[in-house]
Amino acid sequence: MNEKKSHIIIFIIFIISIIGLSIVQYQYLRIGLNLAKVQFNEKMGLVVNNIKEGLKQPDELTFLVGKAITKDDTYFKLSIDSVHDASSYFMNDFLKDKLLQQGIKTEFTYTLTAKDSTDYLKSPNSYNNEESLLKYTIALDGYLPSLVKKRLVLELQFKNLNNYFLSQINGLTIPSLLFIVAIIFVIIWVLKSFYWQKNLITITNEFINNLTHELKTPVFSIGIATKILQEKTNNENKELVNMIRGQVDKLKNQIEKVLELASLEGKKNFIEKKVIDFKPIILKLIKDFEQLAVLENINFISEVKGSQFIINCEPYHLENAINSLLDNANKYSKENIKIILLVFKDKNKLFISVKDNGIGITDEDKKKIFDKYFRISAGDVHNVKGYGLGLNYVKRIVKLHKGTIAVKSKLGEGSEFIFSLPLYNNEKN
Ligand code: ADP
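So, how was this worked out
Residues numbered from 1 in each chain as written. Predicted model: local features only at pLDDT ≥ 70, side-chain atom pairs only at ≥ 80, totals over all residues. Heavy atoms only, no water. Near = heavy atom within 4 Å. Polar contact = N/O pair within 3.5 Å; in protein donor to acceptor, adjacent residues only side chain to side chain. Areas by Shrake-Rupley, 256 points an atom, 1.4 Å probe, with all protein chains shown as cover. 1 Å grid on protein atoms, 1.4 Å probe; cavity = no way out; pocket = protein on both sides within 12 Å on 5 of 7 lines; lining within 4 Å. Sits in = over half its atoms within 2 Å of the grid points. Patch = residues over 30% accessible without salt bridge, like charges linked within 9 Å, V, L, I, M, F, W, Y side chains within 5 Å. Salt bridge = Lys/Arg side-chain N within 4 Å of Asp/Glu carboxyl O. Helix = DSSP H or I, 4+ residues; strand = E, 2+ residues; numbered from the N terminus. Buried < 20%, exposed > 50% of the residue type's maximum accessible area, 1.4 Å probe, protein only. Pairing = 2+ DSSP bridges. Axes fitted to C-alpha atoms, helices over the stretch in contact; angles between N-to-C directions. Contact = heavy atoms within 4.5 Å.

Draft legend 1. Region of interest: the site of the ligand. Around the ligand, 21 residues are found, and the nearest of them are Asn-328, Tyr-332, Asp-356, Arg-375 and Leu-391. Contact distances for the ligand include 3.4 Å between an oxygen atom and a backbone N or O atom of Ile-376. Contacts to the ligand include Gly-388, whose backbone N or O atom sits 3.0 Å from an oxygen atom. Relative to its unbound accessible area of 530 Å², the ligand is 99% covered by the protein chains. Put simply, the ligand lies in the largest cavity.

Draft legend 2. Layout of a nonpolar patch on the surface. On the surface, Phe-11, Ile-15, Ile-19 and Ile-23 cluster together into a nonpolar patch covering about 370 Å² of accessible area. Here Phe-11 lies in helix H1 (residues 2-54). For Phe-11, a relative accessible area of 48% corresponds to the partly exposed category.

Draft legend 3. Representation of the sheet that holds strand S6 (residues 299-304) within the structure. What the 5 strands build is an open sheet, ordered S6-S8-S9-S11-S10; its pairing is mixed. The strands lining the two open edges of the sheet, one partner per strand, are S6 and strand S10 (404-410). Adjacent strand axes in the sheet meet at a mean angle of 10° when their direction is disregarded. Relative to the sheet, helix H8 (residues 279-296) contacts S6, strand S8 (338-346) and strand S9 (349-356), its axis offset from that of S6 by approximately 170°.

Draft legend 4. Spotlight on the pattern of salt bridges. This structure, assessed with the given rule, holds 8 salt bridges. Measuring nitrogen to oxygen at the nearest pair gives 3.1 Å for the salt bridge that ties Lys-284 to Asp-288. Of this pair, Lys-284 and Asp-288 both sit in helix H8, 4 residues apart, which is roughly one turn of that helix. Lys-284 sits in the partly exposed class, given a relative accessible area of 49%. Taking the relative accessible area as the measure of exposure, Asp-288 reaches 37% and is therefore partly exposed. Between Lys-368 and Glu-364 there is a salt bridge, and its shortest N-O distance comes to 3.9 Å.

Set out below in structure tokens:
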């Protein structure tokens, strides 16, 4: 349910971000468009001046235009219509050139009219409908107005300038669109592989769960059978049966650990805590380990300080965690094994320390030993059986109890694992 909610929240954030990004891009585009318009107007200011200057004096163009607008065909051996057409084309080329000088390549039309609205000259491809045209008027002076003795106005007209501006800022629009699409693609891909991986972890855990449950029953039966055998067997075979029993117990423990880790995976609230006095459980655990210590010739020392240890905990897992530390202390020591278990209270915390005189751990490995499946590979450590799950399990359990765990160790001298848990009266909830 919670997971579903967080998926929905992530999805909503994703959609909002994409919409937000698109709006920002759109605003940038509008600003770009406005800037392009301002720039166009500035350029047109220069174009207007240049045209005005260019048409002031009599030259080939103004002479031809002058003949066309005064309908004077005496100079050319051409009809007045041909003179008109020719001047219309030349004027068009002249204006095109002036626009190009300022880098304006868009289409345009023009009209040359007198103030009394007599049409003199039009561009060859003039627009019919005059709406939405952007117009620039140039009042001519010099040679042409004095020729017709009227005030002459040249008007430049532009159509569809928005498309022109958009094409100018295409260098921004297309990449920003491409980047947005790329971001969407990458996010979808990451989310997809994330959910796919999560699914895979769930499937793996289910598989481990099923497998370990399947293994538990036969191991349990073998355990009972060896126990019965242990009672009935003669001295000659006792050692063998003891060995079988010992190994079966180890196998049972490993199965439990794998099962616990698989169940804990992804379930933060897996354990159900209750407020209890943990002291009797520790005393029982010490008693059990003392028996093993006698059997395995371990010098086991324990010290429990304090009348009661009230903590909010899941006793089964906590007991398992301490057993794992004791088990490791035994596993990773060679001879004259000495294990010390200390339990004491300090500053509203319960401290549990397991110390050994074993092989020790290097500083480099200390950082990794709590990682899942990590095992120190140097020397003859591989002779000791394990899966690199124990310490990871211990750390998870300690964390779920809002505690902390630390390790002190020196290679060849031994190790001490110490964890602390908050005592109940110190907990706020
Ligand atoms: P496992 O014992 O199954 O390999 P653990 O997670 O319990 O897995 O331990 C990880 C590694 O940390 C072990 O392989 C061992 O190399 C090292 N280690 C754990 N406890 C001790 C210890 N008390 N002394 C020395 N090394 C230890």
